[in-house]
Amino acid sequence: MFKKINPAQFIIYFSVLFFAVTLIYFGVAAEKIAPQSQENVITYYLDLAYTPFKKAFLWSVVFVLLALTLHLIIFFINLFRNQKSQKLISVRHAFRKIFIKFLIESKTALKFALPSLLSLFLLTLTLGKANLFNKSRLKDGLIAELDLGLTGNYPFFSLHTIQYPKWFIYLVTFSFSYLVFFMIIFAFYIFYKNARVFKELTATFCLGLVFMSISWFVVPVLSPQDRYIDNIYKLPVPEKISTALTNYEPQKEVEVFMKKVRERKENLKALPTSTLPSAHVFWAVIFGYYLYLVDKKSAFIFTPILALSSFGTFFLAQHYFIDMPAGILFAIFTIIAVRYFLRRA
């Protein structure tokens, strides 16, 4: 039975099992702390994780409709003109090739994509319960001091002493908000270009979720916005941070973004503690890397979006600065670990 399991599938199934166990553990712990109060938290994570999937599905429908429309236009042009332009034929054949390839290999894709989505789903449920458990174990002060030691200030505050062009802030907020949407598009494209690389990507994605979740469970940290700017839990604020906070004047565009974040969390009884490392940065690195393996030009084209998304993590006060290098290191380590395992297997 196990001989039939692809090594990459083994990693994915391991992540599913891992999150199933942790879900039970934190479910019991959360129930003791606050019975029946975790539902809003779970709803938040599900909305955060799966809203981009809805957008990706809608865009996929648009793409298919455009392809069919183009196909019909080419057909009628050829019918009425009674001639076949080589260029039009090549476009039609390209769409047909893509469609047939996806139909033939869709079974392979589902074997890896569905368990990966299940792993992510179980993680969101686990985080919803873990946040309640972590509420009294926060390590925000430690991480903020690491930021201060690394940079000499608090980047999530100090970066806003500069006036930025509106278009730049728009690009940062757009890249940060729509990273998961681009990840889905990249996954489809990587699968189309190279199924083997796609399998490795799914394994890296799932193993990375395991590694990051362990860090989130061991070092629970609120975002700078939740902990210091809005201070939802009304916790004491260190003097240095309090001083920096008095000089914190973000531009209107940043305030609008943060207001939307606050509104999304307004019904939560326990705020997210999945900060170190940044999942945004981790995902940007691994998807950028695997996109580079299959198409270097596309990787370079989309690098600005991935970079701005990573910059936005601490610029928008959703992460600390140290979360970014931590996300990069986690990504590199996971890629190496998966490659090593797949070679040995």
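Only a predicted model underlies this, so the values are computations on that prediction, with no experimental measurement involved. (Residues numbered from 1 in each chain as written. Predicted model: local features only at pLDDT ≥ 70, side-chain atom pairs only at ≥ 80, totals over all residues. Heavy atoms only, no water.)

**Student:** Requested: an account of the packing of aromatic side chains, with residues and values cited.
**Tutor:** Counted by the stated rule, this structure contains 29 aromatic pairs. On the basis of an interplanar angle of 55 degrees and a centroid distance of 6.0 Å, the ring pair of phenylalanine 168 and phenylalanine 311 is categorised as tilted. Here the residue phenylalanine 168 occupies a position in helix 6 (residues 166–177), and phenylalanine 311 occupies one in helix 13 (residues 296–315), the gap between them amounting to 143 residues. Plain terms: the ring middles of phenylalanine 186 and phenylalanine 302 are 5.0 Å apart, the flat faces sit at 70 degrees to each other, and that makes the pair edge-to-face. A residue pair is termed long-range when its members are at least 10 positions apart, and phenylalanine 186 in helix 7 (residues 179–193) and phenylalanine 302 in helix 13 qualify at 116 residues. Exposure remark for phenylalanine 186: the relative accessible area of 4% places this residue in the buried category. Feature note: the residues Tyr164, Trp167, Phe168, Phe311, Phe314, Phe315 and Phe321 constitute an aromatic cluster, connected by ring pairs. Between lysine 296 and the ring centre of tyrosine 292, over which it is positioned, the NZ or CZ distance is 5.1 Å. (Phe/Tyr/Trp six-rings, centres within 6.5 Å; stacked < 30°, edge-to-face > 60°. Helix = DSSP H or I, 4+ residues; strand = E, 2+ residues; numbered from the N terminus. Buried < 20%, exposed > 50% of the residue type's maximum accessible area, 1.4 Å probe, protein only. Lys NZ or Arg CZ within 6 Å of the ring centre and 35° of its normal.)

**Student:** Just give me the short version of the nonpolar core, but keep the residues and values in it.
**Tutor:** Ranked by internal contacts, the top residues of the largest apolar core, which has 52 residues, are Ile190, Phe205, Leu209, Trp283, Ile286 and Phe287. At 12 residues, helix 8 (residues 195–218) tops the list of elements feeding residues into this core. Beyond its immediate sequence surroundings of up to four residues, tryptophan 283 is in contact with Leu179, Val180, Met183, Phe205, Leu209, Met212 and Gly288. Counting 32 residues, the second-largest nonpolar core is a separate cluster that includes Leu148, Phe168, Ile241 and Met258. (Core = buried A, V, L, I, M, F, W, Y, C linked by side-chain atoms within 4.5 Å. Contact = heavy atoms within 4.5 Å.)

**Student:** Which residues make up the environment of isoleucine 286, and what values do they have?
**Tutor:** Mapped onto the elements, isoleucine 286 comes out in helix 12 (residues 279–294). Spatially, the C-alpha atoms of isoleucine 286 and isoleucine 332 are 7.9 Å apart, while their sequence positions differ by 46 residues. Discounting residues that sit within four places of it in the chain, isoleucine 286 has contacts with Leu201, Thr204, Phe205, Ala331 and Ile335.

Geometric descriptors of this kind do not, in isolation, establish any biological role.
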